[in-house]
Amino acid sequence: MLADIYFADKLEIAVLVISIFMILRQCWFIVQHCLELLRINKSIHSIKDKAVSFVYEIFHIIQTFALIYTLIFVIDHNAFKNVVTDSAFSIAFDMTYFSAMTFLTGNNVIEPK
């Protein structure tokens, strides 16, 4: 593994570093969204406003995980099976679907290998 990184093309290393940075940034966003959910629960007193804010934050968490899964798939195409790779949109759609179904049910057609 270390030898592969040592002999890798500089462009591949740059893509790997940028992808790792983006994954870490998205993890930071997840933490921020969870903290926002806690703040909303304490500061908003209307049930309707709490529900809307909660759904909004959950949507952002699902999208953040979808982006993380997409970055992992871009780094390693064998990380997931049953992903349609016809276009970038189909990959993004499949990863959003995977993220939402994993978040909501824990059961999915797309599986990590």
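To start, this report covers the structure provided alongside it. (Residues numbered from 1 in each chain as written. Predicted model: local features only at pLDDT ≥ 70, side-chain atom pairs only at ≥ 80, totals over all residues. Heavy atoms only, no water.)

As a further point, take the overall build of the protein. The helix and strand inventory of the protein stands at four helices and two strands. Reading the protein from its N end, one meets helices and strands in the order α-α-α-β-α-β. Long-range pairs, those at least 24 residues apart, make up 56% of the contacts in the protein with a sequence separation of at least 6. Total accessible area on the protein is roughly 8200 Å²; 70% of this is exposed by carbon and sulfur atoms. (Helix = DSSP H or I, 4+ residues; strand = E, 2+ residues; numbered from the N terminus. Contact = heavy atoms within 4.5 Å. Areas by Shrake-Rupley, 256 points an atom, 1.4 Å probe, with all protein chains shown as cover.)

Counting through the fold element by element, Ile 75 comes out in helix 3 (residues 47–75). Once the C-alpha coordinates of Ile 75 and Ser 19 are considered, the two residues, 56 residues apart in sequence, prove to be 7.6 Å apart. Beyond its immediate chain neighbours, meaning those up to four positions away, Ile 75 contacts Leu 16, Ser 19 and Ile 23.

One full turn of an α-helix is made of 3.6 residues, so residues set three or four places apart face in the same direction. The terminal C-alpha atoms of helix 4 (residues 88–104) lie 24 Å apart, and with 17 residues this matches the ideal 24 Å at 1.5 Å per residue to within 8%. Within helix 4, burial applies to Ser 90, Ile 91, Asp 94, Met 95, Phe 98, Ser 99 and Ala 100. The positive-phi residue at the C-terminal boundary of helix 4 is Gly 106, with phi of around 80°. (Expected span 1.5 Å × (residues − 1). Buried < 20%, exposed > 50% of the residue type's maximum accessible area, 1.4 Å probe, protein only.)

Take unusual backbone geometry next. In the Ramachandran plot, Asn 82 falls in the positive-phi region, its phi being about 70° despite a non-glycine side chain. Considering the arrangement of structural elements, one finds Asn 82 in the loop between strand 1 (80–81) and helix 4.

Okay, the packing of aromatic side chains next. Here the structure, examined in full by the defined rule, presents five aromatic pairs. Summarising the aromatic geometry, the rings of Phe 80 and Phe 98 are spaced 5.2 Å apart at their centres and angled 70° between planes, so their arrangement reads as edge-to-face. Here Phe 98 lies in helix 4 and Phe 80 lies in strand 1, a separation of 18 residues in the sequence. Phe 98 gets classed as buried once you look at its relative accessible area, which sits at 6%. Clustering of aromatic rings is evident, with ring pairs tying together Phe 65, Tyr 69, Phe 80 and Phe 98. (Phe/Tyr/Trp six-rings, centres within 6.5 Å; stacked < 30°, edge-to-face > 60°.)

Moving on: the nonpolar core. In this structure, Tyr 69, Phe 73, Ala 79, Phe 80, Val 83, Ile 91, Met 95 and Phe 98 together form the largest nonpolar core, which totals eight residues. Broken down by secondary-structure element, the contributors of at least two residues to this core are helix 3 and helix 4. In terms of residues, this core owes the most to one element, helix 4, which gives three residues. In this structure, Leu 37, Ile 61, Ile 62 and Ala 100 belong to the second largest nonpolar core, which totals five residues. (Core = buried A, V, L, I, M, F, W, Y, C linked by side-chain atoms within 4.5 Å.)

Okay, the side chain of Ser 90 next. Mapping Ser 90 onto the fold places it in helix 4. Residue class for Ser 90 comes out buried when judged on its relative accessible area of 13%. If we skip the residues at most four places from it in the chain, Ser 90 touches Val 84 and Thr 85.

Before going further, it helps to examine the packing of helix 3 against helix 4. Running from N to C, helix 3 and helix 4 point in directions that differ by 125°, and their axes come no closer than 8 Å. It follows that helix 3 is oblique to helix 4 by the angle criterion. The chirality of how helix 3 crosses helix 4 is right-handed. Side by side, helix 3 and helix 4 meet where Ile 58, Ile 61, Ile 62, Gln 63, Phe 65, Ala 66, Tyr 69, Thr 70 and Phe 73 of the first sit next to Ile 91, Met 95, Thr 96, Phe 98, Ser 99, Ala 100 and Phe 103 of the second. Grouping the amino acids of the contact of helix 3 with helix 4 by side-chain chemistry returns twelve nonpolar, four polar and no charged. (Axes fitted to C-alpha atoms, helices over the stretch in contact; angles between N-to-C directions. Parallel < 35°, antiparallel > 145°, perpendicular 65-115°, else oblique. Left-handed = near helix turned anticlockwise from the far one by under 90°. Nonpolar A, V, L, I, M, F, W, Y, C, P; charged D, E, K, R; others polar.)

Interpretation note: all reported values are geometric properties and have no functional meaning in isolation.
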